[in-house]
Amino acid sequence: MAHDTQAINRARNLFGDQQQIWLFGYGSLIFKADFDYLERKPARIDNWSRRFWQGSHDHRGTPGAPGRVATLIESPGTVCAGMAYLVTPEVFDHLDHREKNGYLRFTTEMTFHDGEQAQGLVYIATEDNEAYLGPASEEHIAQHIFSAAGPSGPNDEYLLRLADSLRDLNEDDPHVYSIEEHLQALKKD
Ligand code: BEZ
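Residues numbered from 1 in each chain as written. Predicted model: local features only at pLDDT ≥ 70, side-chain atom pairs only at ≥ 80, totals over all residues. Heavy atoms only, no water.

A. Representation of the site of the ligand in the model. Surrounding the ligand, one finds Gly25, Tyr26, Gly27, Ser28, Leu29, Glu99, Tyr103 and Tyr123. Within the backbone of Tyr26, one N or O atom sits 2.6 Å away from an oxygen atom of the ligand. Here the ligand loses 98% of its free accessible area of 260 Å² to cover by the protein chains. Here the ligand is seated within the largest pocket. Among the residues making up the shell around the ligand, the classes are represented as four nonpolar, three polar and one charged. (Near = heavy atom within 4 Å. Polar contact = N/O pair within 3.5 Å; in protein donor to acceptor, adjacent residues only side chain to side chain. Areas by Shrake-Rupley, 256 points an atom, 1.4 Å probe, with all protein chains shown as cover. 1 Å grid on protein atoms, 1.4 Å probe; cavity = no way out; pocket = protein on both sides within 12 Å on 5 of 7 lines; lining within 4 Å. Sits in = over half its atoms within 2 Å of the grid points. Nonpolar A, V, L, I, M, F, W, Y, C, P; charged D, E, K, R; others polar.)

B. Highlighting helix α5 (residues 174–188). For α5, with 15 residues, the first-to-last C-alpha span of 21 Å sits near the 21 Å given by 1.5 Å per residue. Looking only at α5, the buried set comprises His175, Val176, Tyr177, Ser178, Ile179, Glu180 and Leu183. (Helix = DSSP H or I, 4+ residues; strand = E, 2+ residues; numbered from the N terminus. Expected span 1.5 Å × (residues − 1). Buried < 20%, exposed > 50% of the residue type's maximum accessible area, 1.4 Å probe, protein only.)

C. A look at helix α3 (residues 138–147). Every buried residue of α3 is listed here: Ile141, Ala142 and Ile145. One face of α3 carries all of its buried residues, which in axial projection span an arc of 100°. The inward-facing, buried residues of α3 abut β2 (39–56), β3 (67–87), α4 (155–168) and α5. (Arc of directions from axis to C-beta. Contact = heavy atoms within 4.5 Å.)

D. Summary view of the pairing of strand β4 (residues 103–112). For β4, the tally of buried residues reaches seven of ten residues, placing the bulk of the element in the interior. Sheet analysis places β2 next to β4, joined by two bridges and oriented antiparallel. Across the sheet, Ala43 pairs through a bridge with Phe112, a residue of β4. Taken together, the nine bridges between β4 and strand β5 (residues 117–125) define a ladder with antiparallel strand orientation. Paired with Arg105 across the strands is Tyr123, a residue of β5. Counting the residues in the hairpin turn of β4 and β5 gives four residues, including Gly115, whose phi is positive at 90°. (Pairing = 2+ DSSP bridges.)

E. Focus on the side chain of Arg60. Note that Arg60 resides in the loop between β2 and β3. Looking at Arg60, its side chain comes within polar contact range of the main-chain oxygen of Pro154, at 2.9 Å. A distance of 2.8 Å separates the side chain of Arg60 from the side chain of Glu157, its partner in a polar contact.

F. Structural context of the sheet that holds β2. Around the barrel, five strands lie side by side as β1-β3-β2-β4-β5; this closed barrel has mixed pairing. In this sheet, neighbouring strand axes are inclined to one another by 45° on average, regardless of whether the strands run parallel or antiparallel. In this sheet, β3 lies alongside β2 in antiparallel orientation, the contact comprising 15 bridges. Residue pairing in the sheet places Trp48 in a bridge with Glu74 of β3. (Axes fitted to C-alpha atoms, helices over the stretch in contact; angles between N-to-C directions.)

G. Fine view of the pairing of strand β1 (residues 21–25). Burial within β1 is extensive, with five of its five residues counted as buried. Burial of β1 is two-sided: the residues Ile21, Leu23 and Gly25 facing one way and the residues Trp22 and Phe24 facing the other way are all buried. In the sheet, β1 pairs with β3 via five bridges, with the strands oriented antiparallel. Residue pairing across strands places Leu23 opposite Tyr85, the latter belonging to β3.

This is the structure:
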């Protein structure tokens, strides 16, 4: 799949002429939104897990030294906690541009803390995109993140802010917390 996913995403008109759409965030969207939204609340999606398996050439790394950022992998029986935003369709033009390094729009069902559910949209970098890095041990991922930086800042800032935000939400994520632990050890050395 092409490295720049903007054209594919523009053609994925998954919600017709709906003017308010729920967006599920599981990465930097948990702690930062650089767009207007109508509502924001914690949510989860079932049967997906967060993994730092996607390469970042344009935010937390460079083309010559990509960083590692989050994507989702299908994982029956697991839950991925995140943050949902109710947004208008223009937000997707902005996100298509911001996340053009391999992420595609998909529909998903999300569940809010009160048990209510909604259909919405999530961006996922699948393994067929050119920037995909794939699995590695959490120790290796931490070493990689420790040494990477890009136009949006150091790669470790992204991981550490995400871990803090998940803790604030009282959510467990063994993958993220294990990378965080390895990263803290590297930063102490
Ligand atoms: C997020 O959930 O933070 C996110 C991740 C990848 C693309 C867009 C949003």
